[in-house]
Amino acid sequence: SSGINAEWSLRPGDWSLREGYIWAEDKEHCEEYGRMLQADPTKVSARAKKRGLPQLGTLGAGNHYAEIQVVDEIYNKQAARKMGIDEPGQVCVMIHCGSRGLGHQVATDALVEMERAMKRDDIKVNDRQLACARINSQEGQNYLKAMAAAANYAWVNRSSMTFLCRQAFAKIFDSTPDDLDMHMIYDVSHNIAKIEQHLVDGRPKTLMMHRKGATRAFPPNHPLIPVDYQLTGQPVLIGGTMGTCSYVLTGTEKGMSRTFGTTCHGAGRARSRANSRRNFNYQEVLDRLKEKGIEIRVASPKLVMEEAPNSYKDVTDVVNTCHGAGISQKCIKLRPIAVIKG
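The sections below set out a description of the structure shown in this document. Just so we're clear, the structure is a prediction, and the values are computed from it rather than from any experiment.

**What about the pairing of strand β2 (residues 91-96)?**
Move 1: Across the two faces of β2 the burial differs, with C92, M94 and H96 buried and V91, V93 and I95 not buried at all.
Move 2: Bridge count between strand β1 (residues 65-74) and β2: 6 bridges; the pairing is antiparallel. Bridge assignment links Y65 to a residue of β2, and that residue is H96.

Shown next, in the form of C-alpha cells:
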C-alpha cells in the first residue's frame with residue numbers, strides 16, 4: 001500500500017532497487033550510496049509523512065527543476081569520459097529536487113524542539129532565525145535520525161523521477177533506457193548534516209559537517225567516492241537557472257584541506273523572490289527563453305518571475321571562482337534546451 005511505501009522510502013534500505021525503479025549501478029553513483037544508515041522513521045512525525053506521501057516522484061516549486069541539457073564545453077576530457085561524456089552535443093538530463101514537504105516538516109518539527117532545548121541549555125545564537133541543539137542531546141539525536149530519513153526520502157524521490165525520465169525517453173525514441181545509455185553520472189545532496197573525518201591542524205578529527213546550500217566535493221582516491229571516480233574526484237553538480245548554463249565539476253585535494261571537501265551548490269540569489277515578482281514580466285521572461293531556443297513547462301506564472309535568470313548571480317562567475325580557488329575543478333558545461341519547473 002502507499003502508506004507502507006512512504007515508510008519504506010524513509011528506511012536505510014534499497015527500496016528503489018527492490019521495486020525496480022533504479023539500476024544496481026545507480027546506487028554506486030549516489031552520495032552515501034543513496035541511503036543514510038542512521039535514519040529512524042519513528043522520529044518523523046505523522047504530519048511529515050502525510051505531507052510527503054502524495055509528493056513522492058515530484059519536483060516541487062522554488063528553484064527545483066528538471067532540465068534537458070546539451071553538453072556545450074568539455075574542460076577535462078579524461079574526467080568527462082569517466083562520466084560517459086565523450087563530445088559536445090551529447091544530451092543529458094539534470095534533476096534538482098529534494099525531500100519536498102516531508103523534509104520541510106521535519107525541519108519545522110525540529111525547530112520547535114530545538115528552541116526549547118536552547119532555553120534549557122542556555123544556548124545563544126547570533127541570529128533569531130537560527131536554532132540548534134547539542135549533537136548528543138535527545139533533541140539533537142532525534143533531528144539527525146529524522147533528517148537522515150528525509151534524506152533517504154529525497155533519494156527515493158529523485159530515483160523515482162529518474163525512472164520516469166528514462167521511461168519517457170524510451171517511449172519517445174521507441175527504444176530502451178539501456179540502449180539510450182541513460183546511466184546516472186551522480187546524485188549529490190546540498191542540504192544535509194553528516195559526521196565525517198577531516199584533518200584539523202594536521203590531526204584527524206570527527207566533525208559534524210553541515211552543508212547548507214553547499215555540495216560535497218571529495219577528491220580523487222577518497223574512500224567514500226565510487227570506484228569509477230577514484231582517479232577523477234567526485235562529480236559535483238552545479239545547477240544554473242532557467243536560461244543559463246549548468247556545470248559538472250570534480251572535487252580536489254585543495255578543497256579537502258581548505259573547505260572540508262565542500263564547494264558551491266549553485267549561483268545563489270541576487271534578488272529576493274518578492275523583488276523578482278515586482279521587477280520581471282512573466283511574458284518577457286518566456287520570450288527571452290524562446291529567443292535562446294529553450295522550451296519551458298511551468299506550474300505557475302509567479303514561479304517564472306521568481307526564477308527568472310536575472311534573479312540569480314552569474315553561475316559562470318561563481319564556478320570560475322571555485323575553479324580559480326582550487327576547491328573544485330571545471331569538467332563539463334551544459335546548456336538547457338528544455339526546462340520543467342514544479
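Moving on from the coordinates now.
**Overview of helix α10 (residues 282-291)**
Move 1: By the burial criterion, the buried members of α10 are V285, L286 and L289. Down the axis of α10, the sector holding all buried residues measures 95°, keeping them to one side. Set apart from the buried face of α10 by more than 90 degrees, the exposed residues are K290 and E291.
Move 2: Looking at the buried positions of α10, the neighbouring elements they touch are β9 (295-298) and α11 (301-306).
Move 3: G293 sits one or two positions beyond α10 and adopts a positive phi of about 80°.

**What about the pattern of salt bridges?**
Move 1: What the rule picks out here adds up to 17 salt bridges.
Move 2: Between K27 and D14 there is a salt bridge; the shortest N-O distance is 3.4 Å. A residue pair is termed long-range when its members are at least 10 positions apart, and K27 in helix α3 (residues 24-28) and D14 in the loop between α1 (2-10) and α2 (15-18) qualify at 13 residues.

**Some thoughts on the side chain of H190**
Move 1: Looking at the element boundaries, H190 is found in the loop between α7 (138-172) and β3 (191-200).
Move 2: Within the local environment of H190, its side chain forms a polar contact with the side chain of H96, the two groups lying 3.5 Å apart.
Move 3: When near neighbours in sequence (up to four residues on either side) are disregarded, H190 contacts H96, R211, K212, G213, A214, T215 and H265.

**Re the environment of R277**
Move 1: Mapped onto the fold, R277 is located in helix α9 (residues 273-279).
Move 2: In this structure the C-alpha to C-alpha distance between R277 and P301, which are 24 residues apart in sequence, comes to 9.6 Å.
Move 3: Aside from chain neighbours lying at most four places away, what touches R277 is K302, M305 and E306.
Move 4: A distance of 2.4 Å separates the side chain of R277 from the side chain of E306, its partner in a polar contact.

Cut-offs and rules
- Residues numbered from 1 in each chain as written.
- Predicted model: local features only at pLDDT ≥ 70, side-chain atom pairs only at ≥ 80, totals over all residues.
- Heavy atoms only, no water.
- Buried < 20%, exposed > 50% of the residue type's maximum accessible area, 1.4 Å probe, protein only.
- Helix = DSSP H or I, 4+ residues; strand = E, 2+ residues; numbered from the N terminus.
- Pairing = 2+ DSSP bridges.
- Arc of directions from axis to C-beta.
- Contact = heavy atoms within 4.5 Å.
- Salt bridge = Lys/Arg side-chain N within 4 Å of Asp/Glu carboxyl O.
- Polar contact = N/O pair within 3.5 Å; in protein donor to acceptor, adjacent residues only side chain to side chain.

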